[in-house]
Amino acid sequence: MLVELKNSNVFLLIAGIVQLSLQPLLASLRWRVVMSRLGSTLPFMQILRITYIGTFFNQALPATVGGDAVRMWLAHKSGCTVKNAMNSIVLDRAAMLMGLILMVALTMPWLAHHIEMGNLIWLVPLLLIGGVSGLAIVMLGDRLSRSLHKWRAARAVAYLAADTRRIFLTPDSLGIVMALSVIGCINIIIAVFFFALAFDQNVPLFYFLTLIPPVILVSTLPISIGGWGTREMAMVSTLSTVAIQPSIALLISAFLGLGSIIISLPGAIFYLLYRHGMTAGYAEQRDIL
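Residues numbered from 1 in each chain as written. Predicted model: local features only at pLDDT ≥ 70, side-chain atom pairs only at ≥ 80, totals over all residues. Heavy atoms only, no water.

1. A word on the packing of helix α10 (residues 205-219) against helix α11 (residues 230-239)
For the record, the criterion: Whenever a helix is involved, its axis is fitted only over the stretch in contact; in every case the axis is a line through C-alpha atoms, and angles between N-to-C directions fall within 0 to 180 degrees. Secondary structure is summarised from DSSP: a helix means a run of H or I of at least four residues, a strand means a run of E of at least two, and numbering begins at the N terminus for each. Roughly parallel refers to an angle under 35 degrees, roughly antiparallel to one over 145, roughly perpendicular to one between 65 and 115, and oblique to any angle outside these ranges. Take the far helix as your reference; a near helix turned counterclockwise from it by less than a right angle gives a left-handed crossing, and one turned clockwise gives a right-handed crossing. Any pair of residues with heavy atoms lying within 4.5 Å of one another is described as a contacting pair. Side-chain classes are defined by residue name, with Ala, Val, Leu, Ile, Met, Phe, Trp, Tyr, Cys and Pro counting as nonpolar, Asp, Glu, Lys and Arg as charged, and the others, Gly among them, as polar.
Running from N to C, α10 and α11 point in directions that differ by 155 degrees, and their axes come no closer than 8 Å. By the angle class used here, α10 and α11 are roughly antiparallel. The way α10 lies across α11 gives a crossing that is right-handed. Contacts between α10 and α11 pair F208, L211, I212, V215, V218 and S219 from the former with T230, R231, A234, M235, T238 and L239 from the latter. Counted by class, the contact of α10 with α11 contains 8 nonpolar, 3 polar and 1 charged residues.

2. Some remarks on the environment of G54
Structurally, G54 can be placed in helix α4 (residues 44-58). Residues G54 and A268, 214 residues apart in the sequence, show an inter-C-alpha distance of 9.4 Å. If near-sequence neighbours (up to four positions away) are discounted, G54 is found in contact with G67 and R71.

3. Thoughts on unusual backbone geometry
Condition: A 1.4 Å probe rolled over the protein chains alone gives each residue an accessible area, and that area as a share of the maximum for its type sets the label: buried under 20%, exposed over 50%, partly exposed in between.
The phi angle at D200 is positive, at roughly 65 degrees, despite the residue not being glycine. Residue class for D200 comes out exposed when judged on its relative accessible area of 61%. In this model, A243 sits at a positive phi of 65 degrees, which is unusual for a non-glycine residue. Tracing the sequence through the fold places A243 in the loop between α11 and α12 (246-288).

4. Quick look at the packing of helix α2 (residues 10-20) against helix α9 (residues 171-198)
Put simply, α2 and α9 touch, their axes get as near as 8 Å, and they point 170 degrees apart. The angle between α2 and α9 places the two elements in the roughly antiparallel class. Contacts from L12, L13, A15, G16, I17, Q19 and L20 of α2 reach α9 at N187, I188, I190, A191, F194, F195, L197 and A198. For the contact of α2 with α9, the class distribution of residues is 12 nonpolar, 3 polar and no charged.

5. Regarding the packing of aromatic side chains
Heads up, the rule is: Two rings belonging to Phe, Tyr or Trp (six-membered ring only in the last case) form a pair when the distance between their centres is within 6.5 Å. Interplanar angles under 30 degrees mark stacking, angles over 60 mark edge-to-face geometry, and anything in between is tilted. Think of it as a cone above the ring: NZ of Lys or CZ of Arg counts as a charge over the ring if it is within 6 Å of the ring centre and within 35 degrees of the ring normal.
Throughout the structure, instances matching the rule amount to 7 aromatic pairs. Between the aromatic rings of F195 and F255, the centroid separation amounts to 6.0 Å while the plane-to-plane angle is 40 degrees, which identifies the pairing as tilted. Residue F195 is found in helix α9, and its partner F255 is found in helix α12; the two are separated by 60 residues along the sequence. F255 carries the same exposure label as F195, and that label is buried. The structure contains a cluster of three or more aromatic residues connected by ring pairs, namely F56, F57 and Y271. Looking at R71, its charged tip hangs above the ring of W31, at a distance of 4.7 Å from the centre. Over the face of the ring belonging to W228 we find R231, whose NZ or CZ atom lies 4.5 Å from the ring centre.

6. Some thoughts on the confidence of the model for the protein chain
Operational definition: One number per residue, pLDDT, summarises how confident the predictor is, and it ranges from 0 to 100.
Here the protein chain averages 84 in pLDDT, while 86% of its residues score no lower than 70. Throughout residues 280-289 the model reports pLDDT below 50, and contacts reaching past four residues in sequence, or to other chains, amount to 0 contacts.

And the structure:
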């Protein structure tokens, strides 16, 4: 592995990290669309700062869940209602997952003609059925008995159901958030492609368009810190189907993780500035009192 790392193309490794740096911007654009459809008017630069902070915390907390919790808290502190802060992030995450499923659905049939998939070919309809069924169940959440609406949890489910329909049953909203989800997924795939080229792996880009979405999906599961471990296992397994050696696959995955840490570093600065501003505000209040 050290030999492959020594012989790697540094410029292509940097190109992959630069490509990854677009990810917070794309995620912010998607979240902004969701928030605007729910009636929140948070400025885009504030959304971008919060997204960077959430990306930073994703590297140190269970994958996606920790960063999403931080985003909810900061969005509420920035002026969003609790309902919009929570529902916008839940629906933003749902749009991202549906984008991954769509990528798999569009590319898996082509891959099946070139690689022996075995029983994995059934993954596509199962993912589609599961994703659509899950959204449909959520959309029916406000059909609960009115007698249950006296409970806060039942009201929260009802609000989420209405907001889910507002995003996924409105053609323009659905089209924009799904397009941004797919573009975000493709952006990560192109970065992985650069990392593979850096290690002299000349596998066509289209194979990565099919193989990497499941890796991204696995790495978002909240069963590891920053996706480390689960991402590497998935990367080794999927890239072995196109004859990429496990040591190279591990290096590709490691640089994907390292690149994610590097691009999240502005989030640490934004969070420190936020904490400093909040501390200064408390000090000013004490002086007034």
